[in-house]
Amino acid sequence: MESRSRSIHKSTSMTISAILILSLIHASHCFYLPGVAPEDFQKGDPLKVKVNKLTSIKTQLPYSYYSLPFCPPPKIVDSAENLGEVLRGDRIENSPYVFKMREPQMCSVLCRITLDTKAAKQFKEKIDDEYRVNMILDNLPLVVPIRRQDQGSPTVYQLGYHVGLKGQYAGSKEEKNFIHNHLAFTVKYHRDPQTDGARIVGFEVKPYSIKHEYEGKWSENTRLTTCDPHTKRTVVNSNTPQEVDANKEIIFTYDVEYQESDVKWASRWDAYLLMSDDQIHWFSIVNSLMIVLFLSGMVAMIMLRTLYRDISKYNELETLEEAQEETGWKLVHGDVFRPPSNSDLLCVYVGTGVQFLGMVLVTMIFAVLGFLSPSNRGGLMTAMLLLWVFMGIFAGYASSRLYKMFNGSEWKKIALRTACLFPGIVFAIFFVLNAFIWGQKSSGAVPFGTMFALVVLWFGISVPLAYVGGYIGFKKPAIEDPVKTNKIPRQIPEQAWYMNPIFSILIGGILPFGAVFIELFFILTSIWLNQFYYIFGFLFLVFIILLITCAEISIVLCYFQLCSEDYLWWWRSYLTSGSSALYLFLYATFYFFTKLEITKLVSGLLYFGYMLIASYAFFVVTGTIGFYACFWFTRLIYSSVKID
C-alpha cells in the first residue's frame, strides 16, 4: 500500500508538472539544470547517498531498489523525477548509508537480516539475471572501476555493481548464489585550498561477498570478527562468501574512503564518458562519412551534367514534330504534377516528417551545445517530447500547404489526422508494451499519472498547435505548378525490370542506411547495454550527411523514373529514402541475436517493440526528406524548359 500511495503521489505531481510546462519556471530550468551547479562541502558535512533502479542488460526490465529486501532507511522518500526519468524507469530514493565529508568509515554495519524463502528467491532471480545496483552521490552515478591488464590503458568504469555472483565451493560442482553484502566506497573530491571546501568528482565502489561472523548474541553494539575497525581488520577479498538461501543470516556492511583528486569539478564526467574503443569509433565514422560524401559528389556531378545537357537540347528544338519524337522526362510534363492516389495520407505523413525533422534538429543543436549532458538524467527524453509537442504547428502548416496544392478543402480533417496518426500508432504500441512491463511488476512501467500527462501534452498542446499551423498554411495562396496538367492521364509504358517500384524503392534505402549504420551500432549499445552516449557533434554531422544522401538518392531515382515516362513519383519519392527504415529494423534484429543476451519473452517483445517505433520514426524522417528533395527537383526542371 505504501509503494502504491507513493506512485499515486508521484503520478499526481507528474500531471501537475506537465500542465505547468509553459511556465517560466520550466524555461529557467533549461539553463539552470538540477545537479549542474557545483556544491561545496566542508569537512563533516553530511552527504546524501541515493539509490536508483536495479538494471539488467539480460532482461531490460528495471526494478526499484527496495523491490529487493535490502536495508531500508527509517522512512523511504522518493526524489522528484522529471518526465524523461519516469519514462526511463528511474526511481530515485533515499538510502540508509551515512556519509560525512572527508571522515572515513570502516566496517559500518548497515543492518542484519534473515532471509525467508520469498526473499531468498528474489535475490537468486536477480543474481541469475545479472542485475546491477545503481546509486547516486551529488548527481554522480556509482561506478565500479575495472583496471585493464595491459599497461597504459585507462581504467574502464561500469555503471553500478552486481547484486551478487554465482560460483562453486572448492571441491563442489553445485552452483550457488552469493550476495555482495560489503561495499567499499571511494569518494573522490577536489579541494579548494583557500576555502577548504571540497567538491565531489568521483563515486566508486568495490563490492565483496563475505560471511560475517561475531561472538555471542546479536545486538546493536556487537562487534564483527570478520571486519572490525578497532583491530584494523578490513574486507579485502571474497574468499569466504555469503551464500543466499532461505533462513540464512546476512549482515550488510560498508567502508567509506576519501581520496583527494586533481580532477576539477567541470571535468568530473570525463572519466565516465571515456570509451575503450574510441579510435575504432572515430575511424569508422570518418571512413563512413568519406565514402558517403564521395558517392554524393559523384551523384551530384552526374545529375548536373546530364540535366544541363537535356534542358539545353530540349530548349533548342524548333518544331512540334521534333518535340514529339523526344522521349524521357519532358514527355510527361502534362502529368507530372497530377495529384497522387491517397494524397490525403501523403499530406499527413509529410507533415509528421516535418514535425520530426524540427524536433531532431533542435534536440541535436541543444545536445551539441551541452544542454543535454548525461548529468541531466532524463533531460534528452524530456526535451524530445516537449519539442515534438511544440513542433505540431509546423506539422499542421506543412500538411495543409500540400493539401491545398492538391485542391483539398477540408483542412481541419487533415490537421487532426496529422496530429493523431503517428502519435496514435506509437501510443498504441507503447501502451501494449507498458502492459507487459506492468505484468512483470517492473519500475519501467509508466504510471497512470504520467500516461495522463502525455495525453494532456498531446491533446492539450500538440493537437491545437497542429490546427493553428493548418489554418495558417491553408490561408496562404496555393502552390502553383510550373506546367499545366492534362485532363486525360497519359498511359505509362511498360517499365524495365530494374525500374520496378518495389526494386527501386528497396535499392534507394541502402545508401541512406549506409550513412548511419556504424553510428547506429554505438547508439544501440548505449541504449541496450546501459552505456553513455555523448558524441553528439559527430551524430549531428552524420545526420547532415543522412539528409544529403536521402535527398540525392531520391532525386537520382526520381530522374530515372521520369526518364522512363513514369510520372507517378509522389509516393515513390517518399518510399525510396524511407525504405532505409527497413534496413534499420533488419540491422536491429541482427544486433539482437549477435550482441544481446536477452532470453525472456517479455524482454524480447520490449526490444522489438521499441525498435519498431524507432524504425517507424526513421521512415517518416527519411521519407519526408526524399519527398521534399524530389518536390523541389521536379519543380526546378519543369520550370526550366519551354512548354508550348
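Just so you know, these numbers come straight off a predicted model, no measurement behind them.

Conventions we followed
- Residues numbered from 1 in each chain as written.
- Predicted model: local features only at pLDDT ≥ 70, side-chain atom pairs only at ≥ 80, totals over all residues.
- Heavy atoms only, no water.
- Helix = DSSP H or I, 4+ residues; strand = E, 2+ residues; numbered from the N terminus.
- Buried < 20%, exposed > 50% of the residue type's maximum accessible area, 1.4 Å probe, protein only.
- Areas by Shrake-Rupley, 256 points an atom, 1.4 Å probe, with all protein chains shown as cover.
- Contact = heavy atoms within 4.5 Å.
- Polar contact = N/O pair within 3.5 Å; in protein donor to acceptor, adjacent residues only side chain to side chain.
- Axes fitted to C-alpha atoms, helices over the stretch in contact; angles between N-to-C directions.
- Parallel < 35°, antiparallel > 145°, perpendicular 65-115°, else oblique.
- Nonpolar A, V, L, I, M, F, W, Y, C, P; charged D, E, K, R; others polar.
- pLDDT = per-residue confidence, 0-100.
- Disulfide = S-S within 2.5 Å.
- Pairing = 2+ DSSP bridges.

A. Just the overall build of the protein chain, in detail. Tallying secondary structure elements over the protein chain gives 18 helices and 13 strands in all. When burial is assessed residue by residue, the protein chain has 51% of its 644 residues classed as buried. With the model as given, the accessible surface of the protein chain reaches about 32200 Å², and the carbon-plus-sulfur share is 61%.

B. Focus on the environment of Ser79. Mapped onto the elements, Ser79 comes out in the loop between β1 (46-55) and α3 (83-88). Judged by its relative accessible area of 17%, Ser79 is buried. The spatial distance from the C-alpha of Ser79 to the C-alpha of Asn52 is 9.9 Å, given a sequence separation of 27 residues. Once you skip the residues sitting within four places of it in the chain, Ser79 turns out to touch Lys50 and Ile92. Looking at Ser79, its side chain comes within polar contact range of the side chain of Lys50, at 3.3 Å.

C. Highlighting unusual backbone geometry. The residue Glu130 is not glycine, and still its phi comes out positive at about 55 degrees. The residue Glu130 is located in the loop between α4 (117-128) and β4 (132-137) in this model. Judged by relative accessible area, which is 35%, Glu130 ranks as partly exposed. Its identity is not glycine, yet Asn342 carries a phi of approximately 55 degrees, on the positive side. Assignment of secondary structure puts Asn342 in the loop between α7 (320-325) and α8 (343-368).

D. Inspection of the packing of α8 against helix α18 (residues 601-639) at higher detail. Contact pair α8 / α18: the axes reach a minimum separation of 8 Å and the direction vectors enclose 105 degrees. Taken together, α8 and α18 sit at an angle that is classed as roughly perpendicular. Mapping the contact onto sequence places Leu346, Tyr349, Val350, Thr352, Gly353, Val354, Phe356 and Leu357 in α8 and Tyr616, Ala617, Phe619, Val620, Val621, Thr624, Ile625, Phe627 and Tyr628 in α18. Class assignment of the residues belonging to the contact of α8 with α18 gives a composition of 14 nonpolar, three polar and no charged.

E. Looking closely at the confidence of the model for the protein chain. Mean pLDDT over the protein chain works out to 82, with 87% of the residues at or above the 70 mark. Taking the mean pLDDT of every element in the protein chain, the minimum, 34, falls on helix α2 (residues 24-29) and the maximum, 94, on helix α17 (residues 580-595). With pLDDT under 50 throughout, residues 1-35 is counted as low confidence; its partners more than four residues away or in other chains account for 41 contacts.

F. Main features of the state of the cysteines. Throughout the structure, instances matching the rule amount to two disulfides. A sulfur-sulfur separation of 1.9 Å characterises the disulfide bridge that pairs Cys71 with Cys111. A torsion of -70 degrees about the S-S bond marks the disulfide between Cys71 and Cys111 as left-handed. Linking Cys71 in the loop between β1 and α3 with Cys111 in strand β3 (residues 105-114), this pair joins segments that are 40 residues apart in sequence. Residue classification places Cys111 among the buried positions, given a relative accessible area of 18%.

G. A look at the pairing of strand β13 (residues 249-260). Relative to β13, β3 is paired through seven bridges, and the arrangement is antiparallel. Each residue of the ladder has a partner; that of Gln105, found in β13, is Val256. Note that strand β11 (residues 182-191) and β13 share eight bridges and pair parallel. Residue Phe185 lies in a different strand from β13, and its bridge partner there is Val256.

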